[in-house]
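Notes for the structure review
The lines below spell out each chain.
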Amino acid sequence: SMNSDEMRFDRYYEHDEINKYLDSLASSHKNVEVKVIGKSYEGRDIKVIKITNGDGIEKKNSIFIDAGIHAREWIAPATALYVVQQLLNDESMAKILNILDIVVNPVVNPDGYQYTHKKERLWRKTRSKNIPGCVGTDGNRNFDFHWGEVGASPIPCMETYRGNKAFSEKETQALRDAVGEIKDTCKFYLTLHSYGNYMLYPWGYTSKLPDTWKDLDDIAQIGASAIKNATGTTYTVGSSTNVLYAAAGGSDDYMFAVFNVPISITMELPGGGQNGFDMPASKIDETVHESSIGIFAMIQAVGQK
Ligand code: ING
Ligand code: ZN
């Protein structure tokens, strides 16, 4: 168990440890607030941590980061937690927190995440029951913008099952409501996935580009170049449909189109291990550090706009 106010990135943590860690940060930092934004299908608390500079100014611009909507993508929650730790421990972050409040949901889909720890390492979806013998909905096909169109299966047993309706899942409802709460101030929505080294932006539902695609591309390029310069690792930048594949009902399209968050990016972190999702624990630390360089470069660029 973890009672102390530190997380070491030498192994993957279980969901209850992560929640305890967040609570310990709230007790030890007066500029940190932890909130339950909803319960998962199996009843786990879905938490966000909000980090401010403690000045109490309400209408500051904000940023929302999430991870772990897909259960098996373990490097994503680890990266989100590393970003939280850096924001609190690295004094050079004070400048960012003077301009922006940062809200992080490190595990959107805790039931799936725990299922990958205990039962089936490569599980992707939630754990809600749909038809007998088939469990789970793909959270990143469940958002209510062009829901059910391309790349989102209507078949409950499939890996990319869209759900029986948009926002059928308690987990996607919770994420929607948490971002919705800050939509008037939110300048950047970042969702962490793995794997493949991509900085993706809307649209996922069509190969057309949004009118403001250059703004999206600028920020994504800044993230990719920062990583390239720091470690030599290459990220591919572009719209989801154009550089990866078309998929409707994703969280990034929704936050961008419905909540008008001007910068909305899906970051596909590096892969590792036998199947790409299973990066060895010994590589977590260097990977989350590298990825955070890109994330902080993007946050900084958004803050300066
Ligand atoms: N990749 C994303 C997925 O949900 C994506 C890629 C994001 C496609 C946004 C379209 C829109 O399939 C992973 N690894 O889950
Ligand atoms: Zn994913």
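Before reading on, note that the structure itself is shown above.
Analysis parameters
- Residues numbered from 1 in each chain as written.
- Chains lettered and ligands numbered in written order.
- Predicted model: local features only at pLDDT ≥ 70, side-chain atom pairs only at ≥ 80, totals over all residues.
- Heavy atoms only, no water.
- Near = heavy atom within 4 Å.
- Polar contact = N/O pair within 3.5 Å; in protein donor to acceptor, adjacent residues only side chain to side chain.
- Areas by Shrake-Rupley, 256 points an atom, 1.4 Å probe, with all protein chains shown as cover.
- Helix = DSSP H or I, 4+ residues; strand = E, 2+ residues; numbered from the N terminus.
- Nonpolar A, V, L, I, M, F, W, Y, C, P; charged D, E, K, R; others polar.
- Donors = N, O, S within 2.8 Å, 3.2 Å for Na, K, Ca; no water.
- Buried < 20%, exposed > 50% of the residue type's maximum accessible area, 1.4 Å probe, protein only.
- Axes fitted to C-alpha atoms, helices over the stretch in contact; angles between N-to-C directions.
- Parallel < 35°, antiparallel > 145°, perpendicular 65-115°, else oblique.
- Left-handed = near helix turned anticlockwise from the far one by under 90°.
- Contact = heavy atoms within 4.5 Å.

Concerning the site of ligand 1
Close contacts around ligand 1 come from 14 residues, with H70, N140, R141, Y245 and E268 the closest. In this structure, R124 approaches ligand 1 through a side-chain N or O atom, which is 3.2 Å from an oxygen atom. With respect to ligand 1, the side chain of R141 contributes an N or O atom lying 2.8 Å from an oxygen atom. For ligand 1, the accessible surface in isolation is 370 Å², of which the surrounding protein chains cover 97%. Of all the secondary structure elements, the ones that give two or more residues to the shell around ligand 1 are β7 (186–194) and β10 (263–269). Of the residues belonging to the shell around ligand 1, the class tally is three nonpolar, six polar and five charged.

Side note on the coordination of the zinc ion (ligand 2)
The protein atoms donating to the zinc ion (ligand 2) are H70 (ND1), E73 (OE), E73 (OE) and H193 (ND1), with metal-donor distances spanning 2.0 to 2.3 Å. Site description for the zinc ion (ligand 2): donor spacing in sequence, H-x2-E-x119-H. Pair noted here: H70 is in the loop between β3 (61–67) and α2 (75–89) and H193 is in strand β7, with a separation of 123 residues, a long-range link. H193 sits in the buried class, given a relative accessible area of 2%.

So, the packing of α2 against helix α9 (residues 284–304)
One can describe the packing of α2 onto α9 by two numbers: an axis separation of 9 Å at closest approach and a directional angle of 65 degrees. Here α9 runs roughly perpendicular to α2, going by the angle between their axes. α2 and α9 meet at a crossing whose hand is right-handed. Along the contact surface, α2 presents I75, A78, T79, Y82, V83, Q86 and L87, while α9 presents I284, T287, V288, H289, S291, S292, I295 and F296. Split into classes, the residues belonging to the contact of α2 with α9 amount to nine nonpolar, six polar and no charged.

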